Amino acid sequence: MSAEVELIPVGEPGEGPYGIAVTDDGAVWFTLVHGAAVGRRDPDGRLTRLDLGAGAQPSVVAAANDSDVWVTDTTGGRLLLLGRGPRILAEVAVPTPGAQPFGVAAVYDGTTWFTELAADALGRIGVLGRVDEFPVGREDVMPSMIAASGDSLWFTMNAIDALGHVRGGDAAVAVTELPAGSAPVGITVAEDGAVWAALIGADALSRVGRDGTLTIHPLGSGAKPHAVAPDARGGVWASLWGADALAHVTASGEVARVPLPPASEPHGIAVAPDGTVWSALESGALAHHP
């Protein structure tokens, strides 16, 4: 293990930290996907948790504002807005039964968008709490993670090896095809406007530049990248689930790895306002790389 990585045990054995987000107030939020709970680490290191009840499956967490977060409850068919405590500030049900909300992203205009794994659709929560759903235009695509930049939304279509792009709310979906077998999961928009995705099936990251150019950056056999998060220089950090490592990739494709202990299973990844990197290890800890 790299001496530069601090491991912070969280939850009970088998609860599996999965998603992670850092809010501007310095708090680190994480989902205990197998523990039906969400955890919060205060800037002073204090850990607290919110149990969501039997049958809940909190999956992805994303900052809603400076201190609050949105969490998708995939099996519960709902999204939760959580604040300090942690406590539930709002609960929003997904209209389509069995839709399985998964990825989530807050947008500058106050709306929140999410993906529906089992319904081939995107959902939008309006500023007054109304939910609208928008089919992505294809079947059996498994829309997974989602990212927002201005009025643009990008999301991964895991089952058909493609990225979806929506500009201006409910406009038609533009599709960027990826190499066969890519199985994209995580996605983010970098500081330079490029869109990066984690191609778990191709052991690579994809980058779509502002001019639409698609570039594939290999990460080595068995890397299995899961999630990506932007740094402050146009590059990204990625969690390498298959390689028990974190990776930093520059805009030009230079790769540097940060090793983790064996069987760490890193999933979610986030870059804090101070530039430090956090990842959720399903083995039972948060990894912090200064």
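Residues numbered from 1 in each chain as written. Predicted model: local features only at pLDDT ≥ 70, side-chain atom pairs only at ≥ 80, totals over all residues. Heavy atoms only, no water.

1. As for the overall build of the protein
Spelled out, the test is: Counting from the N terminus, the helices are the DSSP runs of H or I reaching at least four residues and the strands are the DSSP runs of E reaching at least two. We compute the radius of gyration over the C-alpha atoms and compare it with the globule rule, which gives 2.2 Å times the number of residues raised to the power 0.38. Any residue under 20% of the maximum accessible area for its type is buried, any over 50% is exposed, and the rest in between are partly exposed; the area is computed with a 1.4 Å probe on protein chains only. By the convention used here, residues are in contact when the closest approach between their heavy atoms is within 4.5 Å. The protein chains shown are the only cover counted for residues, whose accessible areas, like all others here, come from Shrake-Rupley with a 1.4 Å probe. Charge convention: Lys and Arg are scored as positive, Asp and Glu as negative, and His as well as the terminal groups of each chain are ignored. For this purpose, a charge sits on NZ of Lys, CZ of Arg, CG of Asp or CD of Glu.
Across its full length, the protein carries zero helices and 28 strands. Taken against the 2.2 N^0.38 rule, which gives 19 Å for 290 residues, the C-alpha radius of gyration of the protein at 17 Å falls within 12% of a compact globule. Based on the C-alpha atoms only, the size of the protein along its principal axes is roughly 50 × 40 × 30 Å. The proportion of buried residues among the 290 residues of the protein is 57%. Put simply, 38% of the contacts in the protein that link residues at least 6 apart link residues at least 24 apart. With an accessible surface of roughly 11,500 Å², the protein has 50% of that area assigned to carbon and sulfur atoms. With 16 positive and 34 negative side-chain charges, the protein shows a spacing of 3 Å between the two charge centroids.

2. Re the layout of surface pockets
Heads up, the condition is: Cavities and pockets were defined on a 1 Å grid built over protein atoms only: a cavity is a set of grid points that admits a 1.4 Å probe from which the probe cannot escape, a pocket is an open set flanked by protein on both sides within 12 Å along at least five of seven lines, and lining residues are those with an atom within 4 Å of any such point. Grid points are joined across faces, edges and corners, and a volume is the space filled by probe spheres set on the points. Basically, the charged four are Asp, Glu, Lys and Arg, the nonpolar ten are Ala, Val, Leu, Ile, Met, Phe, Trp, Tyr, Cys and Pro, and anything else, Gly included, counts as polar.
Approximately 1,200 Å³ is the volume found for the largest pocket. Contributions of two or more residues to the lining of the largest pocket are made by strand 2 (17-22), strand 6 (58-63), strand 10 (101-106), strand 14 (143-149), strand 18 (184-189), strand 22 (225-230) and strand 26 (266-271). Class assignment of the residues belonging to the lining of the largest pocket gives a composition of 30 nonpolar, eleven polar and six charged. In terms of lining residues, the second largest pocket is bounded by S149, S152, W154, H165, R167, V189, G193, V195, V208, G209, R210 and G212. Counting only elements with at least two residues in the lining of the second largest pocket, the list comes to strand 15 (152-157) and strand 16 (162-167). Tallied by class, the residues present in the lining of the second largest pocket amount to four nonpolar, six polar and two charged.

3. A word on the environment of P225
Its location among the elements puts P225 in strand 22. Dropping the residues within four chain positions of it, P225 is found in contact with A198, L199, I200, D203, A204, L205, L219, S239 and L240.

4. Some details on the sheet that holds strand 4 (residues 37-41)
Quick reminder of the rule: At least two DSSP bridges between two strands are required for those strands to pair. Lines fitted to C-alpha atoms define the axes here, with helix axes fitted over just the stretch in contact, and angles between the N-to-C directions of these axes take values from 0 to 180 degrees.
With respect to topology, four strands assemble into an open sheet ordered 2-3-4-5, the strand pairing being antiparallel. Edge strands, defined here as strands with exactly one partner in the open sheet, are strand 2 and strand 5 (47-51). With strand direction ignored, the average angle separating the axes of adjacent strands in the sheet is 20 degrees. The pairing of strand 4 with strand 5 spans five bridges and is classified as antiparallel. Of the residues in strand 5, the one forming a bridge with R41 is L47.

5. Observations concerning the pattern of salt bridges
Cut-off, in case you're wondering: By salt bridge we mean one thing: a side-chain nitrogen of Lys or Arg within 4 Å of a carboxyl oxygen of Asp or Glu.
Enumeration over the complete set of coordinates arrives at 14 salt bridges. The shortest N-O distance in the salt bridge between R40 and D42 comes to 2.0 Å. By the burial criterion, R40 is buried, and D42 matches it. R167 is the partner of D151 in a salt bridge, and the nearest nitrogen-oxygen pair spans 3.6 Å. Highlighted residues: D151 in the loop between strand 14 and strand 15 and R167 in strand 16, separated in sequence by 16 residues.

6. Regarding unusual backbone geometry
With omega at -10 degrees, the peptide bond leading from G85 into P86 counts as cis. Tracing the sequence through the fold places P86 in the loop between strand 8 (78-83) and strand 9 (87-93). With a phi angle near 60 degrees, Q100 is a residue other than glycine that sits in the positive phi range. The residue Q100 is located in the loop between strand 9 and strand 10 in this model. Owing to a relative accessible area of 35%, Q100 belongs among the partly exposed residues under this scheme.

7. Points about the environment of D192
Applied cut-off: We call two N or O atoms a polar contact when they sit within 3.5 Å, provided that within protein one can donate a hydrogen and the other can accept it, with sequence-adjacent residues counted only if both atoms are side-chain atoms.
By the element assignment, D192 lies in the loop between strand 18 and strand 19 (195-199). For D192, a relative accessible area of 30% puts it in the partly exposed group. In this structure, the C-alpha to C-alpha distance between D192 and P230, residues 38 residues apart in sequence, is 9.6 Å. Not counting chain neighbours up to four residues away, the residues in contact with D192 comprise R207, R210, G234 and A251. Looking at D192, its side chain comes within polar contact range of the main-chain nitrogen of A194, at 3.0 Å.

8. Description of the sheet that holds strand 7 (residues 69-73)
Ordered in space as 6-7-8-9, the four strands form an open sheet in which the pairing is antiparallel. A single partner strand is all that each edge strand has here, and the edge strands are strand 6 and strand 9. For this sheet, the mean inter-axis angle between neighbouring strands, taken without regard to orientation, is 25 degrees. Here strand 7 pairs with strand 8 via five bridges, running antiparallel.

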